[in-house]
Amino acid sequence: MILDKISNQHLYTSIHKKIPIVFNFIKKNDLATIDLGKHLIEGENVFVVVMEYTTKPLPECKSETHKKYIDIQYMIKGEENIGLKTLHNESPTTAYNEEGDFMFYSLEKLPMLPLKENHFCILFPDDIHQTMIQIDSPKTLRKAVFKILK
């Protein structure tokens, strides 16, 4: 897992051959006005889901992992806390959903990091992450979740 500001994106382009495609998309598109929903960049190999939602209290937020995709979550407007932990033999509470590429977990007290405007996090398949967590109170945000087939 990586959390950093977008101005440091150049430090991470060698991690995976498709990561530069994501950062290039962020640079060339106005994510504040792009339509909500799924946008294919390289078919199902690289795509983005642009979303808006209101953050929630911690107990209402689910933790998850993926098997097929690396997430790059980029905060366009607003902020949220993200619970993070490396997967170590934790058992999911749901079966793997192949179509959605996720499994949910019931974990408490994950370490929290704030994802702030113009910051991103890279989440690998062995990173348990819990998103949508409010900072102080519920607030609306706009976020782009990029998916890279690993």
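See the structure above.
Note that the coordinates shown come from a computational prediction; the quantities given were computed from them, not determined experimentally.

(A) Fine view of the overall build of the chain. Within the chain one finds one helix and eleven strands. Counting helices and strands in the order they occur from the N terminus, the chain gives β-α-β-β-β-β-β-β-β-β-β-β. For the chain, whose C-alpha radius of gyration is 15 Å, the value lies close to the compact-globule estimate of 15 Å for 150 residues. Pairs at least 24 apart in sequence give 81% of the contacts found in the chain among residues at least 6 apart. About 8000 Å² of surface is accessible on the chain, with carbon and sulfur atoms providing 52% of the total.

(B) Spotlight on the sheet that holds strand β9 (residues 119-123). Read from one edge of the open sheet, six strands run β1-β9-β5-β11-β3-β2, paired in antiparallel fashion. Edge positions in the sheet fall to β1 (2-5) and β2 (37-42), since each has one partner strand and no second. Going from strand to strand, the sheet's axes swing by 20 degrees on average, the running direction of each strand aside. Relative to strand β3 (residues 46-54), β2 runs antiparallel, the two being bridged by five bridges.

(C) Structural context of helix α1 (residues 19-28). All of the buried residues along α1 are Ile-19, Val-22, Phe-23, Phe-25 and Ile-26. Along the axis of α1, the buried residues cluster in a sector spanning 155 degrees; they form a single face. Exposed residues pointing more than 90 degrees away from the buried face of α1 are listed as Lys-27 and Lys-28. Against β2, β3, β5 (69-77), β9 and β11 (140-149) lie the buried residues of α1.

(D) Seen up close, the packing of aromatic side chains. Going through the model one piece at a time under the given rule, you end up with five aromatic pairs. Between Tyr-12 and Phe-120 the ring centres are 5.7 Å apart and the planes differ by 75 degrees, which places this aromatic pair in the edge-to-face class. One end of the pair, Tyr-12, is in the loop between β1 and α1; the other, Phe-120, is in strand β9, and 108 residues separate them in sequence. When the centroid spacing of 5.8 Å and the interplanar angle of 75 degrees are considered together, the rings of Phe-25 and Phe-146 count as edge-to-face. Residue Phe-25 is found in helix α1, and its partner Phe-146 is found in strand β11; the two are separated by 121 residues along the sequence.

Criteria and thresholds
- Residues numbered from 1 in each chain as written.
- Predicted model: local features only at pLDDT ≥ 70, side-chain atom pairs only at ≥ 80, totals over all residues.
- Heavy atoms only, no water.
- Helix = DSSP H or I, 4+ residues; strand = E, 2+ residues; numbered from the N terminus.
- Rg over C-alpha atoms; globule rule 2.2 N^0.38 Å.
- Contact = heavy atoms within 4.5 Å.
- Areas by Shrake-Rupley, 256 points an atom, 1.4 Å probe, with all protein chains shown as cover.
- Pairing = 2+ DSSP bridges.
- Axes fitted to C-alpha atoms, helices over the stretch in contact; angles between N-to-C directions.
- Buried < 20%, exposed > 50% of the residue type's maximum accessible area, 1.4 Å probe, protein only.
- Arc of directions from axis to C-beta.
- Phe/Tyr/Trp six-rings, centres within 6.5 Å; stacked < 30°, edge-to-face > 60°.

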